[in-house]
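Summary of the model geometry
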Amino acid sequence: MGFWDALLGRSKPVGPDLDQLFGLPSAAVTLQAAAGFTPTGAGSVCFASIEGGAFTGIRQEVRALLDADSARGGAPVEFSRDGYGYTWLLSRRTPDDLPALVGDLHAVNTAVQDGGFGPQLLCSLVSFRDAELRPLALVYLYKRGTFYPFAPLPGRKRDNALELQIKAVVQDDLRVEAELSRWFPVWGAPGL
């Protein structure tokens, strides 16, 4: 940060730190105790579309890496594309195995980043539900190095009050995005 940036009140955003994902298990304990939300066992990684042979190699690497886990049943990762053209990778684990799910998301993000496609990474999310089956996601913004809660409602609406409540609950466990304008909706995210 330069002199003019400091004088004008500008600051550099926090850079991506994939190790922040490992804070999710402790945040999940806090979230369950304070708000009654538990992990569903689903997590996703979203990135801008990548075409070509280089990404095909990364896709095969991710599949092979996650296939190596003999305790996992079914497909390790499901690939899909949303209506906006973004690619999603969905990983599923048992709801009580959040550390393994976080490891999967970290592995996928790392493989994409190490393959030279880090700038295309957008976000990762882990989904939760409460006793009333209300959906909630903790979303990690790759380029900001921060998390935010996303609580969708039917009709493409959001439960803003719940999102703010969850922010207060997890802010000691996770680096929460301070700018609410960056709490982007992730409508139709796989696993949510």
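So, here's what we can say about the structure. Along each chain, residues carry numbers from 1 onward, in the same order as the chain's sequence is written. In keeping with the model being predicted, local features are shown solely for residues with a pLDDT of at least 70 and side-chain atom pairs are shown and tallied solely at 80 or more, while totals for entire chains, interfaces and linings include all residues. The side-chain values count all of the structure's non-hydrogen atoms but skip hydrogen atoms and water molecules.

1. Examining the packing of aromatic side chains
Pairs were defined over the aromatic rings of Phe, Tyr and Trp, the Trp ring being its six-membered one, requiring ring centres within 6.5 Å. Orientation was assigned from the angle between planes: stacked under 30 degrees, edge-to-face over 60, tilted for the rest. Considering all chains together, one arrives at three aromatic pairs under this definition. Between tyrosine 140 and phenylalanine 147, the aromatic rings sit 5.0 Å apart at their centres with planes inclined by 55 degrees, giving tilted as the arrangement. Judged by relative accessible area, which is 1%, tyrosine 140 ranks as buried. Exposed residues in this analysis have more than 50% of their type's maximum accessible area, buried residues have under 20%, and partly exposed residues fall in between, with area computed by a 1.4 Å probe over protein chains only. Note on phenylalanine 147: relative accessible area 1%, which makes it buried. Consider the rings of tyrosine 148 and tryptophan 183, whose centres lie 6.1 Å apart with planes at 15 degrees: the pair is stacked. Separated by 35 residues along the polypeptide, tyrosine 148 in strand β6 (residues 146-150) and tryptophan 183 in the segment after α5 (160-170) bring together distant segments of the chain. When sorted by exposure, tyrosine 148 lands in the same class as tryptophan 183, which is buried. Secondary structure elements are defined from DSSP: runs of H or I of at least 4 residues count as helices, runs of E of at least 2 residues count as strands, and each element is numbered from the N terminus.

2. Thoughts on the packing of helix α3 (residues 53-67) against helix α4 (residues 98-117)
The axes are straight lines fitted to the C-alpha atoms, using for helices just the contacting stretch, and the angles between their N-to-C directions are given from 0 to 180°. Interaxial distance between α3 and α4 falls to 10 Å at its minimum, and their mutual angle equals 155 degrees. In this view, α3 runs roughly antiparallel relative to α4, as classed from their interaxial angle. The crossing of α3 and α4 is right-handed. Contact residues: Ala54, Phe55, Ile58, Glu61, Val62, Leu65 and Leu66 in α3; Asp104, Ala107, Val108, Ala111, Val112, Gly115 and Phe117 in α4. Under the scheme applied, nonpolar residues are Ala, Val, Leu, Ile, Met, Phe, Trp, Tyr, Cys and Pro; charged residues are Asp, Glu, Lys and Arg; polar residues are all the others, including Gly. When grouped by side-chain class, the residues that make up the contact of α3 with α4 number 11 nonpolar, one polar and two charged. By definition in this entry, angles of less than 35 degrees are roughly parallel, angles greater than 145 are roughly antiparallel, angles of 65 to 115 are roughly perpendicular, and the rest are oblique. Should the near helix be turned anticlockwise from the far one by less than a right angle, the crossing is left-handed, and should it be turned clockwise, the crossing is right-handed. It only takes one pair of heavy atoms within 4.5 Å for two residues to be counted as in contact.

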